[in-house]
Amino acid sequence: MSQQQPAAAAGGSEAEPQADGSLPRPGKEERAAPGAKEKPASTIPTLPPPGLPLAARRALASLSAEVSKSPRRSRRAEDGRLGRGHGRQKKKNNKRAVTVDSSKAKTSSEALRICIQQLKWKEFPTGRRLLCDIYWHGVSFHDGEVSCSGQVNKYPGMTELVRKINFSRAVRTMQELFPEEYKFYPRSWILPEEYQNFADQVRVSKENDSSWKPTFIVKPDGGSQGDGIYLIKDSTDVRMLANLRSKPVVVQEYISKPLLIEKLKFDIRLYVLLKSLDPLEIYIAKDGLSRFCTEPYQEPNSKNFHRVFMHLTNYSLNVHSGNFIHSDSVNTGSKRTFSSIVAKLSMRGYDVKKMWSDIITLVIRAIIALVPELKVYHQTYIPPGKPGPTCFQILGFDILLMKNMKPVLLEVNANPSMRIEHEQEISPGLFEYVASPVDEEIKVAIIRDTLRLVDPALKKNCLQQSLSTECSAESDKEETAEAEAQDVTETPSNKEQNLAPLCLKQVFPKYSRQFGYLLIVDRIALLFIRFLGIKGTMKLGPTGFRTFIRTCKLSNSNLSMASVDILYIDIARRWNVIRGDRGESGMCFQAFMEAIFHLAQRRYKSPPLREQVEALVNFCEYQLEAQEEKIVLYGRGTAERRSSLAVYQPEGSRSGTINHMHLLNRMSTSNKLPASSLPTSVDQQLVNSISSRVTDCSPAASFNPNGWDNLGCRFCRNNNQSCSVMGLKDVRSQRVKLTQILHPSVTSYFM
Ligand code: ADP
C-alpha cells in the first residue's frame, strides 16, 4: 500500500496564518524544540522536586519508583550506556505492544486493522478481559462500556453537539460575539423556533437589495448523507411549511456560486484530529477527499431545484447516479484526493496557500465554537478526579469552496466514514463492496497517524519529560506541545517501523496567539462548570446560579437577588422548551450563555457585545481569584505557612506557576514579618505576582515602594486610577492587599 505523502501545497508550506491571510515561511516553531527528545531513563530524578504540584509530584514519584523497581526498565537504562545501536535492539525486544480494542470499530475495522499491523501493535477484535490502551469506537463514546483508563477515540457529547441545530447554535453564539471571524458559516435559522426571524430577515434583505435572489437549503436536524434535504426560494415555501410540523430543520443560505472543476460542483472532506480538550490540541490532515457531483452544475432555479446530482455532493447519493466514475487513480473520477485538486488549482494560478490558510483558520474557529459545551459534557461523563479514559476524536469537516476560493463550512461530522471500500454495482441492482484506493490512501494514513500521536509511550515520555523539566510557564506549554508534535517521528514505533512523516499537522496550540482571544465562551463554560455543583449533571440549578451571582458579586442595587431568580426561571424554562427537555430541570449551558449576555449588557452599557461579555467574565474571574487568595491568605495553619516558607527558593530557581504558588504561600507568612526582613527580590516577586493582575492595563505602572499612585486596574485600559469595571473601591482593595503583604504595619491606615 502506498504511504501517503504530504501534499505539496498543504504540507510543509502551510504555516502560521498572517493578518493578511498569507502564510509565512516555516520558522522556529516548525523545528523540533531543542531538548524535546526522549531522555534516557537514568535522567529521571529519583526525588520529586519540592516545588511541583502534589499530583505531579506523585506521578513523578511513582514513575521513578517504577524505574528503580522494574528490572526491565533498569536493564534498558543500562543498555543506554552500552551504545545506541545495542540499546535500541534491546528496547525493541522489551517493548510492550500497544493494545487496541477494536470490537466496536464497525466500518472503520478494516482501515484500523491495517494501521495496527503497520505499527506492530496488538489488536483485540473481539474485546479483551484485561484493559486495553486504546478503545476504538465506530459511532460514539457510548458504544461500549466506559473504560476506567486508556484512551477512547470519541468524546462524550460530540455526536450531539455537531447535530445540525446544535452546531448552528454554537456557531451563532460565536457570530454574535465575533461577527467578522465567523462568516465562514452560511447564515442559518433554526425552524420552527425562528421562523418569524427567518421570514423577517429575508424580507428586509430583499427590500434593501432588490437584486438579491437567494436560495435556501433546508436540512432536517440529525439527517445525514443528504437525507431529506431540499432547496427553496422563499420563506413561504409550501413544502417547508408542511414539513415543519414533523421535525425541526436548519434553513441555510445556499451557496449558489461554488468553485467548479470540469463543470461539476464538489466539496472537500477534511479530517481534523481533536487530540486534547484541555489543553486544546488540534491537528489537520494535510490531505482529504473531494467528492464530486455527477451532473454539470447550474445556478439554482425552480427547474433544477430537485436535481440532487447537480446540487448535493454526497457520495452516498451520487454513487447511485449512472454518471458516477469509480477510479483507481487519485486524480480522476467522482472521488479524488484533495491534494490532486490543490495541484490542479495551483496549475491554474489560484492562490492555494491563501486557501489553505483560510481553511486552517476556519477549522480552528469552528473547533473553538464547539469546545466550551464539549467541556461541559466531558466533566459530566468523565468527572475530574475520578478514574476514566482520556479522549481524542477524528472529525470530518465538509467544506465548500466558493468561486472566489473562500472556504465555507457546511457541517462537521462526529463520525466520518472510515470505510476503505466503496459500493459498486456489479450487475443491475446488485451492489458489492470493493476496495477503494483513494479512500485507503487517505483514511489509513489518518487513522495510523492519529494512533501515532496518541501512542501511550509518547505520552509517558512527555510526562516524564515535562516533570523532569518542570515545564509550567504558559509560553513553555506551546513549545512543549509543538515539540511533542515534531518529536513523534522519534517514538519507538516510528523509528523501528520506518513510517512516513505524519500526515497530521498541529495547528493549535501552534497558532494559539492568533486565536486565543476567541476563547471567551470557553471561559464562560469554566464558570458554568464551576457552579454546576453535583457531578454528573449538565444543568445549573437555581441555587447554583444564585451562588454564582453572589460569589462573583454581580448583584447590586440594579440587580436584586429577586430579579436574579426571575432571570433564572425565565431563561432556564425557555431553553428547556426550545430543546424539548422534559426530564432534568435546570439551566443548560446555552441558557447560561444567554444569562451571561444579558448580565453583561445590563452591567456595561456600551456595546459591542464582545467587550461587554469580556468585561463581565474578567470581573467574575477576578472575584473568584480574589476569593481563592483570601482562602490562601487567611485559611492556612501557621505550621503550613512555616513549611511553605522553608521550601521557598530564591528568584530564578523556578518559573511560572510554580513560582506563583510559592508566592501565594509566601503571602500568608509575610503578614508576620516586617517588610524589611524580606530580601528585595522576594518583595519584588510578591508584588509582581499580585500586582500583575492589577497593573497589566497600565504599561507605565510598576511597583513603587513609596506610593501606589501608578497602580492601575487590569480591567481598565485607559484610566489606572479607577475604572468602570471594578470601581475605585476594588482598585483600592487590591492596593490594600499589597500593602498588607509588604507593609503590614501601615495596613490599618489604608483600611
Ligand atoms: P448531510 O449531513 O445530510 O450530508 P450537509 O449539510 O452535508 O448534510 O449537506 C449535504 C450536501 O448539500 C453537501 O454535501 C453540499 O453539497 C450541499 N450543501 C449543503 N449546504 C449547502 C449550502 N449552504 N450551500 C450549497 N450547498 C450546500
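Up top is the structure.
Considering the packing of aromatic side chains
Thinking step 1. On inspection of all chains with the given rule, the structure shows 20 aromatic pairs.
Thinking step 2. Centroid distance Y315 to F324: 5.6 Å. Interplanar angle 70°. Geometry classified as edge-to-face.
Thinking step 3. Residue classification places F324 among the buried residues on the basis of a relative accessible area of 12%.
Thinking step 4. Ring pairing ties together the aromatic residues F528, F531, F545, F548, Y568, F589 and F592, which thus form one cluster.
Thinking step 5. When the ring centre of Y433 is taken as origin, the NZ or CZ atom of R419, which lies over that ring, is 4.1 Å away.
Thinking step 6. The ring of F619 is capped by R603, whose NZ or CZ atom sits 4.2 Å from the centre of that ring.

Details of the pattern of salt bridges
Thinking step 1. On inspection of all chains with the given rule, the structure shows 34 salt bridges.
Thinking step 2. The partner of D221 in a salt bridge is R163, with the nearest N and O atoms 3.2 Å apart. Residue D221 is located in the loop between strand 6 (216-220) and strand 7 (230-232), and its partner R163 is located in the loop between helix 5 (158-161) and helix 6 (164-177); the two are separated by 58 residues in the primary sequence.
Thinking step 3. Judged by relative accessible area, which is 39%, R163 ranks as partly exposed.
Thinking step 4. With a closest N to O distance of 2.7 Å, R336 and E262 form a salt bridge. Of this pair, R336 sits in strand 13 (residues 335-337) while E262 sits in the loop between strand 9 (260-261) and strand 10 (264-276), and the two are 74 residues apart along the sequence.
Thinking step 5. Judged by its relative accessible area of 3%, R336 falls in the buried class.
Thinking step 6. Through salt bridges with shared partners, a single ionic network connects D267, R269, R291 and D398.

Brief notes about unusual backbone geometry
Thinking step 1. Cis geometry marks the peptide bond from L191 to P192, where omega comes out at 10°.
Thinking step 2. The residue P192 is located in the loop between strand 5 (188-191) and helix 7 (195-208) in this model.
Thinking step 3. Positive phi outside glycine occurs at K120, with the angle close to 60°.
Thinking step 4. Position of K120 relative to the elements: it lies in the loop between helix 4 (109-119) and strand 2 (122-124).
Thinking step 5. If you check the backbone angles, M405 has positive phi at about 75° while not being a glycine.
Thinking step 6. Along the chain, M405 falls in the loop between strand 15 (393-401) and strand 16 (407-413).

Quick word on the sheet that holds strand 4 (residues 151-152)
Thinking step 1. Strand order in the open sheet made by the five strands is 2-1-3-4-14, with parallel pairing throughout. Here the strands that pair on one side only, and so sit at the sheet edges, are strand 2 and strand 14 (390-391).
Thinking step 2. Bridging between strand 1 (residues 99-104) and strand 2 involves three bridges; their strand directions are parallel. Bridge pairing in strand 2 links D101 to F124.

A short note on the site of the ligand
Thinking step 1. As a structural note, the neighbourhood of the ligand is formed by 24 residues, with K219, G226, T313, N314 and E411 the closest of them.
Thinking step 2. Between the ligand and K219 there is a distance of 2.7 Å, counted from an oxygen atom to a side-chain nitrogen or oxygen.
Thinking step 3. A distance of 3.0 Å separates a nitrogen atom of the ligand from a polar atom in the backbone of E253.
Thinking step 4. Contributing elements (two or more residues each) for the shell around the ligand: strand 6, strand 8 (249-253), strand 10, strand 15 and strand 16.
Thinking step 5. Taken together, the residues of the shell around the ligand sort by class into eight nonpolar, eight polar and eight charged.

Focus: the nonpolar core
Thinking step 1. Of all hydrophobic cores here, the largest spans 109 residues; its most connected members are F397, F545 and F548.
Thinking step 2. Per-element tally for this core: the top contributor is helix 12 (residues 352-381), with 17 residues.
Thinking step 3. Look past the residues within four positions of F397 in its chain and what remains in contact with it is I268, R269, L270, V272, L362, V363, A366, I367, L409, E411 and V412.
Thinking step 4. Formed by 34 residues, the second largest nonpolar core is a distinct cluster that contains L112, I134, L289 and V444.

A look at the environment of H320
Thinking step 1. Position of H320 among the secondary structure elements: in the loop between helix 10 (315-318) and strand 13.
Thinking step 2. Linking H320 and E425, residues 105 residues apart in sequence, is a C-alpha distance of 8.7 Å.
Thinking step 3. The contacts of H320, once residues within four sequence positions are left out, are F309, E423 and F431.

Description of the sheet that holds strand 8
Thinking step 1. Strand order across the open sheet formed by four strands is 5-8-6-7, with antiparallel pairing between neighbours. At either end of the open sheet lies a strand with only one pairing partner, and these are strand 5 and strand 7. Direction aside, neighbouring strands of the sheet carry axes that sit 30° apart on average.
Thinking step 2. Judged from the three bridges that link them, strand 6 and strand 7 form a sheet pairing that is antiparallel. Across the sheet, residue V218 finds its bridge partner in strand 7, namely Y230.
Thinking step 3. Helix 6 contacts strand 5, strand 6 and strand 8 of the sheet and is inclined by roughly 135° relative to strand 5.
Thinking step 4. Where helix 7 meets the sheet, it contacts strand 5, strand 6 and strand 8, and its direction lies at approximately 145° from that of strand 5.

Digging into the packing of helix 19 (residues 542-551) against helix 20 (residues 561-578)
Thinking step 1. Between helix 19 and helix 20, whose axes approach to 10 Å, the crossing angle comes to 135°. Taken together, the axis directions place helix 19 and helix 20 in an arrangement best described as oblique. Seen from above, helix 19 lies across helix 20 with right-handed handedness. Across the interface between the two elements, P542, F545, R546, I549 and R550 of helix 19 pack against M561, V564, D565, L567 and Y568 of helix 20.

Basis of the calculations
- Residues numbered from 1 in each chain as written.
- Predicted model: local features only at pLDDT ≥ 70, side-chain atom pairs only at ≥ 80, totals over all residues.
- Heavy atoms only, no water.
- Phe/Tyr/Trp six-rings, centres within 6.5 Å; stacked < 30°, edge-to-face > 60°.
- Buried < 20%, exposed > 50% of the residue type's maximum accessible area, 1.4 Å probe, protein only.
- Lys NZ or Arg CZ within 6 Å of the ring centre and 35° of its normal.
- Salt bridge = Lys/Arg side-chain N within 4 Å of Asp/Glu carboxyl O.
- Helix = DSSP H or I, 4+ residues; strand = E, 2+ residues; numbered from the N terminus.
- Pairing = 2+ DSSP bridges.
- Near = heavy atom within 4 Å.
- Polar contact = N/O pair within 3.5 Å; in protein donor to acceptor, adjacent residues only side chain to side chain.
- Nonpolar A, V, L, I, M, F, W, Y, C, P; charged D, E, K, R; others polar.
- Core = buried A, V, L, I, M, F, W, Y, C linked by side-chain atoms within 4.5 Å.
- Contact = heavy atoms within 4.5 Å.
- Axes fitted to C-alpha atoms, helices over the stretch in contact; angles between N-to-C directions.
- Parallel < 35°, antiparallel > 145°, perpendicular 65-115°, else oblique.
- Left-handed = near helix turned anticlockwise from the far one by under 90°.

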